Amino acid sequence: ANPANPLQGIAFTLDIKNSSGGTMGAIAWGSAFLMAGAFTNPANGKRRTIGFYHDGSNWVETGRTSTDI
């Protein structure tokens, strides 16, 4: 879902860790997230990060890790 009551210019980074014991399920991104492409979920026991800022209407991607951490 989209974060509620965002302020223009605010930024945040998500640290997504897969501790499921196997393949992680799909992430459902809200309609306000503008991303450079599909997000690849991390392998079991690994993590990936992705950052966004709010432009007043949407959450715009600022960067992401290209491989598992």
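Residues numbered from 1 in each chain as written. Predicted model: local features only at pLDDT ≥ 70, side-chain atom pairs only at ≥ 80, totals over all residues. Heavy atoms only, no water.

Q: How would you sum up the pattern of salt bridges? Please name residues and give values.
A: Taken as a whole, this structure holds three salt bridges when the rule is applied. Arg 47 serves as the salt-bridge partner of Asp 15, at 2.8 Å between the closest nitrogen and oxygen. Residue Asp 15 is located in strand E1 (residues 11-17), and its partner Arg 47 is located in strand E3 (residues 47-54); the two are separated by 32 residues in the primary sequence. Look at Asp 15 and you get partly exposed, because its relative accessible area is 46%. Owing to a relative accessible area of 30%, Arg 47 belongs among the partly exposed residues under this scheme. (Salt bridge = Lys/Arg side-chain N within 4 Å of Asp/Glu carboxyl O. Helix = DSSP H or I, 4+ residues; strand = E, 2+ residues; numbered from the N terminus. Buried < 20%, exposed > 50% of the residue type's maximum accessible area, 1.4 Å probe, protein only.)

Q: Account for the nonpolar core, with residues named and values stated.
A: Within the largest apolar cluster, seven residues are counted, these being Ile 16, Ala 32, Phe 33, Phe 39, Ile 50, Phe 52 and Trp 59. Setting aside its immediate chain neighbours within four residues, Phe 33 contacts Ala 1, Asn 2, Pro 3, Phe 12, Phe 52 and Trp 59. (Core = buried A, V, L, I, M, F, W, Y, C linked by side-chain atoms within 4.5 Å. Contact = heavy atoms within 4.5 Å.)

Just geometry here; none of it tells us what the structure is for.
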